Every structure is written in C-alpha cells, then in structure tokens.
Amino acid sequence: MITGCVARCALIAVVLSMAAPVAMAQQVPPPIPEPVDTGYITYDEGPISLPLGIGFRLPTYDRVNGLSLSWGPKIASRNDSIRIDPTVTYRSHLGEFDPGVAVRITSPSGFGVDFFGGRGTFTNDRWIRSDISNSAAAIFAGSDARNYYRSDRASLELSQTLGPDSTQFRFALGGRTERDWSTGMRSPVTSYPWSVFGRKDSLKMRRPNPTIWRGHITSALGRIDMNYDREEVKASVDAFLERALDVRLDEPFVFFTPGGPVLSVRRKTDKFTQVTIGSKARFPTFGTQNFEFRGHFVISPDSAPPQRYAYLGGSGTLATVDQLALGGDRLVFVQGEYAIPLDSLLLPFIGSPTLLVRYAAGSAGIQDLPDFIQNIGAGVGFKVVKVMFHYDPNYRRTPFTQKQKLTIGLSLPTL
C-alpha cells in the first residue's frame, strides 16, 4: 500500500517536472518586431546632377534661333549655397553652339554673388511674354514678340535680399562687359524657321530682325527688386540701372557721293545711362473677380545704341499695332485687365469661361515719345486660351496700325 502511494507520487512529480518548462515557455511573451519605416527616403544625388534626368533644360523656339536646346550638368554644394550651371546651347536655325556658365553663391544672411559668362542670343523684350508663351506662339501661330542680337558677355553682381518670403527686397550692384553684333535676317528675309501658321507672313516668322551697332560696351549696373505675395495679392517691381562707362561701337551711316549713296561706319564712343522699370500686380475685387495691372518703362537721358532699344506692338502689348513696330530707347506702356469668372457656367472640356475687359496705352521712340496709342478690348478666356477684340478709339491711319483687331492667344498667369 505504502509502496503504491510512493509510486503514484513519484509519477506525479515526474509529470509536473515535465510540464513546468512548457508552462514557463507559454508565459514568456513573444519578441516584439521592429517597426517598419514606411516614410520616403531622400537620396543624396551628390554634388553633380542632370536636369530632367539627362541634363537638358526646357527648350525655346523663335524666328531667329529656331530651336534653342541647352544641355549641361548642375553642380551644387551640399547645403546649396554654391550652384554652378555650365551649359552648351544649340541653336538650330543659326547652326551655332553657345557655351555659357552661371554661378550663384548665397549665404543664410541673404547676401549673394551672381556671375555669368558666355555667348548667346539676347533680347530686351522678354517682359512681353514668358519663354513658354512666346515659344508656343511662335510654333503654332508664327508670332514672335521679341527682337534679338548676339553677344559675348560677362557679368558680376553682388546682392542683398531682405524681408520674409511674403515681402522680399533685393538690392544689387555689379558690372558687365560685352561684345555685340547683329543676328537674324534683315530684309528681304530668305530663310526662316518652321511654324504651323504664319511661316510666310512678313509680320510673323518672316519679320526682319533689327540691326544693332557692332562693338563693345562696359557698364556699371544697379538693380532693385520687390516681390509681395500675401492673401491673394501679388505684386512685383523691378528697377534696373545701366551706366555705360566704355562704349566702342561701329555706327553705320549713309553718305551721298556723285556715284550714289555709300554705306559706311564710324566709331561711336558716347557714354549713356538707361533705366528700365517693370511692374505687375494682381488682386481680388468682388467675389472671384480680380484685376491685373502691368507696366513697363524705359528711360534714356542720353542716346542709347540699338541693342538697348525696347519695342511695342502685337497682341502682347498694343494689339492694333503691328508686331513690335514701335521701338526706341524711350518707352512707356501700361495695361489693366479686369476678369469676371462665370463660375455657374460649366462647359464640357473647357471649364468655366471668364469675361475680360482690357485697357492698354503706350508709346516708344528714339529720344522722344510720339503720341500715345490706346487700345480698349473685351473678350472671353478659358483654361489656356483667350479671345479678345481690340479697338483704337483715337485711330490715326499709319502703315503699321489698324483701327480694330481680333486676337487669339494663350491665357497663362504672369505672376
């Protein structure tokens, strides 16, 4: 009897001893897995990168250069305080490869250094349309709102930026030296780039490019820029001062002899001063309606050479005037456009239309401002297209003006 009890106790002890590790194993919590990082990882591309993946910049297109396609790497320091942008630009209609390099150095305090050196095709009319708008208008409508000249140039600017992102002021001083010469076809035009419409029109892709004076200009530069962007109100003002210190240009002129007129050149060394001011503003009025203002002013107390002329005319400025038919070293242009969106009218594919009312006035000349030309316009705008009817209330017949004009153009933001 006693022996049986001992045997049963021994068996229970063995079973309990075998079950204890299993129970202990069941009481130990399983290991907690490490959390998985589902956030985006920012990869350091290093100091050298290729824009658009292969090094190309956005191309442009116009009646003088044809297709301008730039390629080159971008070089930047780790904190982006130093940026170096070397490029080579191929210009299809000129058959030229233009080298250039831009360098920008900035500090946390807002101080900056900007250097540019290279060869290129330059214009004083970039304020009329953006590169995208002008390229699209040239390709599809043959409308190029710019005149051009070629130049080898080097410039250096020291700048200081003040204020928060919503209200910034930038002040700059520097200098520039350049060697300029004419480009494009004068008259008659025998070679011109392709366009969908207007390729053979003498006011479009076949429009002659003005001649400039060949030679060197070395100038001191000053610049003040202001940008304001707060609560749907956007405004910008940029003022640029150039004081030419060394001018060595070949001025062409015609003198008459018994055998007929003779074209010759003479060296021009007169110094000049020029001030260029551009301004834009856009602000809401009632509901979703808004008003947009644009102004451009060129002031030259001294006679400036043709490579400093600015121009007016065409749908980008005065629609009843032929494309860039007015030009000189003095220019005044103002424009106001009021927009009334019809949000309750939703059309398929094109969205809601916007009613537009526009007023523009301007004049340009050489050391003088002729009578101002005024345009009153009304039209309708959609997502990217606007149709406008323009009327000159004080029309005076000239070879380059009309009393009224209907235009179809791109509707892209200017601010």
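For clarity, every value in this text was computed on a predicted model and none was experimentally measured. (Residues numbered from 1 in each chain as written. Predicted model: local features only at pLDDT ≥ 70, side-chain atom pairs only at ≥ 80, totals over all residues. Heavy atoms only, no water.)

Draft legend 1. Spotlight on the overall build of the protein. Along the backbone of the protein there are two helices and 21 strands. In the protein, which comprises 415 residues, the proportion classed as buried is 35%. Contacts in the protein between residues at least 24 apart in sequence constitute 57% of all its contacts with a sequence separation of at least 6. In the form shown here, the protein has an accessible surface area of approximately 24100 Å², with 64% of it arising from carbon and sulfur atoms. (Helix = DSSP H or I, 4+ residues; strand = E, 2+ residues; numbered from the N terminus. Buried < 20%, exposed > 50% of the residue type's maximum accessible area, 1.4 Å probe, protein only. Contact = heavy atoms within 4.5 Å. Areas by Shrake-Rupley, 256 points an atom, 1.4 Å probe, with all protein chains shown as cover.)

Draft legend 2. Examining the packing of aromatic side chains more closely. This structure, assessed with the given rule, holds four aromatic pairs. Centre to centre, the rings of Trp 127 and Phe 333 are 5.8 Å apart; their planes meet at 50°, and the pair counts as tilted. Pair noted here: Trp 127 is in the loop between β7 (111–122) and α2 (131–141) and Phe 333 is in strand β17 (residues 330–341), with a separation of 206 residues, a long-range link. Taking relative accessible area as the criterion, Phe 333 reaches 0% and is therefore assigned buried. Seen from their ring centres, Phe 283 and Phe 291 are 5.7 Å apart, and the 50° between their planes marks the pair as tilted. By relative accessible area, Phe 291 is classed as partly exposed at 25%. Cation over ring: Arg 153 sits above Phe 122, and NZ or CZ is 4.0 Å from the ring centre. (Phe/Tyr/Trp six-rings, centres within 6.5 Å; stacked < 30°, edge-to-face > 60°. Lys NZ or Arg CZ within 6 Å of the ring centre and 35° of its normal.)

Draft legend 3. Highlighting the pairing of strand β18 (residues 354–365). In terms of burial, β18 is a largely internal element, nine of the twelve residues being buried. Across nine bridges, β18 lies against strand β19 (residues 373–381) in antiparallel orientation. Considered in β19, the bridge of Tyr 359 is made with Ile 376. (Pairing = 2+ DSSP bridges.)

Draft legend 4. Broad picture of α2. Those residues of α2 lying buried are Ser 133, Asn 134, Ser 135, Ala 136, Ala 137 and Ala 138. Packing partners of the buried residues in α2 comprise β2 (60–62) and β21 (404–410). Positive phi appears at Gly 142, one or two residues downstream of α2, with a value of about 70°.

Purely spatial values, then, with no claim about function.
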